[in-house]
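Analysis of the macromolecular model
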Amino acid sequence: MSRYILSIDQGTTSSRAMLFDESGQSAFNAQQEFTQHFPKDGWVEHNPEEIWTTTLGVVRQALHRARSDKRTIAAIGITNQRETTVVWDRSSGEVVYNAIVWQDRRTAGYCARLRLQGHEAMVSAKTGLLLDPYFSGTKINWILDNVDGIRARAEKGELAFGTIDCFLIWRLTGGRSHVTDATNASRTLLFNIHQQCWDEDLLALLNVPASLLPEVFDCAADFGITSESLLGEEIPIAGVAGDQQAALVGQACFEPGMIKSTYGTGCFMMLNTGEQALTSSNKLLTTVGYRLKGKTTYALEGSIFVAGAAIQWLRDGLGIIDSAQQSEALAASLDSNHGLYLVPAFTGLGAPHWDPDARGAIFGITRDTGPAQLVRATLESVCYQSFDLLEATRRDGSTPARLRIDGGMVQNNWLCQFLADLLGIVVERPAQTETTALGAAYLAGLQVGIFSSPDDIAARWQVEREFVPAMDDKTRKLLLADWHTAVIKVRTNA
Ligand code: ADP
């Protein structure tokens, strides 16, 4: 009987489960959205119980489908929204506070104080990250200091911390496994990415007791077995990676110099730098790309907080489009951008500027500015920001010839062509654009022997369409110059 791999993709707005067959083709997809909580300005929380019930719901749907297809599940792979922080009671399994989501800015003041005290160089050297509220460490500190009685219980060893992968593994195994993988650990601000271990200096700085922390495994490993009473069967959890790292694997970017960019709510570009943990001089993050058989492959990462979210704003906020798909025809209906530039710094600017206080702006409005111009400026802004990320990797010494893209936005052909035009390199859209879930499935499949090696996975990657740069250099330079003038105007830390 042939087998499926079950991939759990626990994202920021929804929980998904997908089934992949032994050749890596997708066979089933179930998705459930859950509630976003915004208790205060800049705060973003999820209810971990809702994360759990939606995940369990889609997992059960997938298992049902597998049974009706008369297939067994060889293994489970998990990929997840990264950095989001959960703390729970080890004996009851109850969470002590909502999950604090990666987008949450409540620890901005604490990060600024740590920076002023001169700690950023040490933190960056060990973690590859910056002192920004984005990462888990300061969120753990906030829970310990702000939820009644929690610090004392943590110090007694009664509590556990986990990113979402770790929380799900704990629940799926009936509390038997408190483990995470190296990619998720690398986003906590507590993990030394060079020595691949939790770091005492970082734990002391952020005042986090070591007893809270999970054990850190390779991305393909034996994370635990699902509890039979929960799912009706015991299935090994065999692959784990944070969403962007899973996409790197799903895009088969296994060679140093290979680069992918994912265009969903935000945009995340990741460059494989091999065994070398490169330090960026241009504010890119150094992170664990994946760890297999004890060998760490590093990556440089650039994160943009608003990409598809700006299209959602056009649709839901301004109401000038009915669907995201419409943006393609509207942008293509114009012969140029009519001098309109939109900087979507709705929640500040991410890489390479890291300016949390910047806010969005539109420049060059004239009497002929209408919905089409606004839509085009919004799509263009995603490409300009990608240019800035790629330029940062170039300044850091990389010379990628091709960019592999994925995520919901890349269905937009106009966007993909404009991206290739601006970047000046070939942009490749793969046949399978569900790269995040696929990456988790590949990792699990590696562990249980369905896939033999990264090379075996790389051989399965297929291009669906290539976008070749066609814009003349002069036009390109003029557009970029205007964009950079617009960005300077919104910056508060330039
Ligand atoms: P996430 O995983 O972050 O939830 P997805 O990868 O599912 O995101 O992508 C959804 C995003 O892509 C949405 O923000 C949506 O506005 C945008 N999007 C979807 N289709 C298009 C399109 N044809 N053109 C432009 N943007 C699109």
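Before reading further, recall that the structure is shown in the block above.
The notes below deal with the structure included here. Everything numeric in this text was worked out from a predicted model, so none of it was measured. (Residues numbered from 1 in each chain as written. Predicted model: local features only at pLDDT ≥ 70, side-chain atom pairs only at ≥ 80, totals over all residues. Heavy atoms only, no water.)

Here the focus is the overall build of the protein chain. Regarding its fold elements, the protein chain presents 17 helices and 23 strands. Relative to the globule expectation of 23 Å for 494 residues, the C-alpha radius of gyration of the protein chain, 22 Å, shows essentially globular dimensions. In terms of overall dimensions, the protein chain has C-alpha extents of about 65 × 55 × 45 Å along its principal axes. Looking at the protein chain residue by residue over its 494 residues, the buried ones come to 61%. Contacts in the protein chain between residues far apart in sequence, at least 24 positions, make up 72% of those at least 6 positions apart. Accessible area of the protein chain: about 18,400 Å², with a carbon and sulfur share of 49%. (Helix = DSSP H or I, 4+ residues; strand = E, 2+ residues; numbered from the N terminus. Rg over C-alpha atoms; globule rule 2.2 N^0.38 Å. Buried < 20%, exposed > 50% of the residue type's maximum accessible area, 1.4 Å probe, protein only. Contact = heavy atoms within 4.5 Å. Areas by Shrake-Rupley, 256 points an atom, 1.4 Å probe, with all protein chains shown as cover.)

Pairing in this open sheet of 7 strands is mixed, and the strands run S17-S18-S16-S15-S21-S22-S23 from one edge to the other. Looking at which strands have only one partner, the edges of the open sheet turn out to be strand S17 (285–292) and strand S23 (463–467). Between one strand axis and the next, the sheet turns by 30 degrees as a mean value, whatever way the strands run. Sheet topology places strand S21 (residues 402–406) next to strand S22 (residues 426–430); 3 bridges connect them, and they run parallel. Looking across to S22, one finds that Arg-402 is bridged to Val-426. Contacting strand S15 (259–263), S21, S22 and S23, helix H14 (residues 413–423) crosses the sheet at an angle of about 150 degrees to S22. (Pairing = 2+ DSSP bridges. Axes fitted to C-alpha atoms, helices over the stretch in contact; angles between N-to-C directions.)

So, on to the site of the ligand. Around the ligand sit 15 residues, and of these Thr-265, Gly-308, Gln-312, Gly-408 and Asn-412 come closest. Between an oxygen atom of the ligand and a main-chain N or O atom of Gly-408, the distance comes to 2.8 Å. Contact with the protein chains hides 73% of the accessible area of the ligand, taken as 590 Å² for the molecule alone. A breakdown of the residues in the shell around the ligand according to their chemical character gives 4 nonpolar, 11 polar and no charged. (Near = heavy atom within 4 Å. Polar contact = N/O pair within 3.5 Å; in protein donor to acceptor, adjacent residues only side chain to side chain. Nonpolar A, V, L, I, M, F, W, Y, C, P; charged D, E, K, R; others polar.)

Below, the discussion takes up the packing of aromatic side chains. Per the stated rule, a full pass over the model turns up 19 aromatic pairs. For the pair Tyr-134 and Phe-135, a centre-to-centre distance of 4.7 Å together with 35 degrees between the ring planes defines the contact as tilted. For the pair Tyr-134 and Phe-135, one class covers both residues: buried. Consider the rings of Trp-414 and Phe-418, whose centres lie 5.0 Å apart with planes at 10 degrees: the pair is stacked. Of this pair, Trp-414 and Phe-418 both sit in helix H14, 4 residues apart, which is roughly one turn of that helix. By relative accessible area, Trp-414 is classed as buried at 15%. (Phe/Tyr/Trp six-rings, centres within 6.5 Å; stacked < 30°, edge-to-face > 60°.)

This paragraph deals with the environment of Pro-209. Relative to the helices and strands, Pro-209 is located in the loop between helix H8 (200–206) and strand S12 (215–217). Pro-209 sits 43 residues away from Ala-252 along the chain, and the two C-alpha atoms are 37 Å apart. Not counting chain neighbours up to four residues away, the residues in contact with Pro-209 comprise Leu-144, Arg-151, Ala-154 and Glu-155.

Two numbers describe how helix H13 (residues 371–395) lies on helix H17 (residues 473–490): the axes approach to 11 Å, and their chain directions differ by 90 degrees. In terms of axis orientation, H13 runs roughly perpendicular to H17. Side by side, H13 and H17 meet where Ser-381, Tyr-384, Gln-385, Phe-387 and Asp-388 of the first sit next to Arg-476, Leu-479, Leu-480, Trp-483 and His-484 of the second. Of the residues that constitute the contact of H13 with H17, the class distribution is 5 nonpolar, 3 polar and 2 charged. (Parallel < 35°, antiparallel > 145°, perpendicular 65-115°, else oblique.)

Geometry only, nothing functional implied.
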